[in-house]
Amino acid sequence: MTIDGRKNDHIDICLSERVRVSKDHWDEVHLVHQAIPSCDLEDIDLAVDFLGKELSAPLIISAMTGGSDQAQEYNRILARAAEEFGIGLGVGSQRAGLEKASLEGSYSVIKEFNVPLVLGNLGAPQFSDSRGKGISRYSLEDVARALQMINGDAICLHLNYLQEVVQPEGETHICGFLDNLGDLTKEVKVVAKETGAGISRKAALSLKEAGVAAIDVGGASGTSFSAVESYRDSGGSGRAKRIGTTYWDWGIPTPVSLKLANVGLPLIATGGLRNGQDVVKAISLGADIGGMAWPLLSAASKGFAELKREISFIIEEIRIGLFLTGCRSAADIVRPESVITGHTGEYLEFLSRY
Ligand SMILES: Cc1cc2nc3c(=O)[nH]c(=O)nc-3n(C[C@H](O)[C@H](O)[C@H](O)COP(=O)(O)O)c2cc1C
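Residues numbered from 1 in each chain as written. Predicted model: local features only at pLDDT ≥ 70, side-chain atom pairs only at ≥ 80, totals over all residues. Heavy atoms only, no water.

Novice: Give a detailed account of the overall build of the protein chain, specifying residues and quantitative values.
Specialist: If you tally the helices and strands in the protein chain, you get 15 helices and twelve strands. A globule of 354 residues ought to have a C-alpha radius of gyration of about 20 Å, and the protein chain, at 19 Å, matches this closely. Overall, the protein chain is about 60 × 45 × 40 Å in size when its C-alpha atoms are taken along their principal axes. When the accessible surface of the protein chain is summed, it comes to about 14800 Å², and 50% of that surface belongs to carbon and sulfur atoms. Across the protein chain, the mean location of the 35 positive side-chain charges is 4 Å away from that of the 46 negative side-chain charges. (Helix = DSSP H or I, 4+ residues; strand = E, 2+ residues; numbered from the N terminus. Rg over C-alpha atoms; globule rule 2.2 N^0.38 Å. Areas by Shrake-Rupley, 256 points an atom, 1.4 Å probe, with all protein chains shown as cover. Lys, Arg positive; Asp, Glu negative; His and termini not counted. Charge placed at Lys NZ, Arg CZ, Asp CG, Glu CD.)

Novice: A description of empty space enclosed by the protein should follow, citing residues and the corresponding values.
Specialist: This model, assessed by the stated rule, comprises two cavities of 30 Å³ or more. Roughly 770 Å³ of volume is contained in the largest cavity. Lining of the largest cavity is provided by 44 residues; of these, Lys 7, Ala 63, Gln 163, Thr 195 and Phe 225 occupy positions nearest its centre. Residue assignment for the lining of the largest cavity shows that the elements contributing at least two residues are helix H1 (3-16), helix H3 (95-99), strand S6 (118-123), helix H6 (161-166), strand S11 (289-292) and helix H13 (294-300). Sorting elements by how many residues they give to the lining of the largest cavity places H1 first, with six residues. In this structure, the second largest cavity is lined by Ile 60, Ile 61, Ser 62, Ala 63, Gly 90, Leu 119, Cys 156, Lys 193, Asp 216 and Ile 268. (1 Å grid on protein atoms, 1.4 Å probe; cavity = no way out; pocket = protein on both sides within 12 Å on 5 of 7 lines; lining within 4 Å. Points joined across faces, edges and corners; volume = space filled by probe spheres on them.)

Novice: Give me the pattern of salt bridges: which residues, what numbers.
Specialist: Across all of its chains, the model carries 20 salt bridges by this definition. The salt bridge involving Arg 274 is made with Asp 278; its shortest N-O contact spans 2.9 Å. We note a salt bridge from Arg 309 to Glu 306, for which the minimum N-O separation is 3.7 Å. With Arg 309 and Glu 306 both in helix H14 (residues 304-324), this residue pair falls three residues apart, about one helical turn. (Salt bridge = Lys/Arg side-chain N within 4 Å of Asp/Glu carboxyl O.)

So far we have only geometry, and geometry alone does not tell us how the molecule works.
Here is the structure:
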């Protein structure tokens, strides 16, 4: 299947099927209420600095799409909303745009808008050394082209090996990746980004050593790409359905991953955040900003007015969450306090012993 066909499949499946992991780990994170807030509600300062860019709220629309006409329309309205609210925006994998010039416009459409933080997106397998196995290997020039395509501030390299092992056309190459990443980070700002299976402490330390500028933990709790690929199996051998179902819930829960990946780099919390309270929970666990994909795709599918309504509710909920936890700002050095219970709490406690 072509890359553009695959991209449309992902959007269609995400909008028509249940693609979440079985457990909402954010339900097991509880913010601690402060009966005496630190300032008036309207004085809460939501602005944050992330990778040297000022966002009006600690929020980014996570990487989703590009590479088809449908994707172009989504990128247009997502970018319009990001401009209007002063929040960040990531585009989906730009491989299609690099490999087929006619698809560049589906990404570069976002240049029509003044978005404060724009993140490009390419995949880790394209930075491995597994030559001779039919994969393209991207150079620094390719990365520069990807960034020029969108006026990007940094490039996300997505680590999506869970998805790659399930999809029939998956690219599971990794040899030499960390060394190549180390070379790349000397020239360009790189954000290492998981896509739903989370970042462990070991992975975070390796990424830090390789010089990445930030980590998006992309943990388990929301969209499962194992699930998405299992639906794409129709008419196939049944392999993706079988393996995608077996590994549906695979991954480190996002709240746990935030703790593990906190190695002194800026952190984005993506994976299952549903509202502004979840963003505040993520901040309480060490995130600088929260990222959302599926909830904003779903709102955008109903049109720009619905997307705008959804983001304004999310931002209001962030303000309220910070107020009720006694914070003055999203960048407050005193983070909101939270308690992690149940399965998620046990998972974290077990790992914290080592
Ligand atoms: C339709 C769709 C397409 C996606 N495509 C990409 C992609 O191209 N690159 C990437 O890094 N992440 C991609 N993601 C993953 C998201 O950026 C995010 O990490 C993941 O969906 C978890 O967030 P959520 O639970 O809010 O959906 C995609 C997500 C969705 C829903």
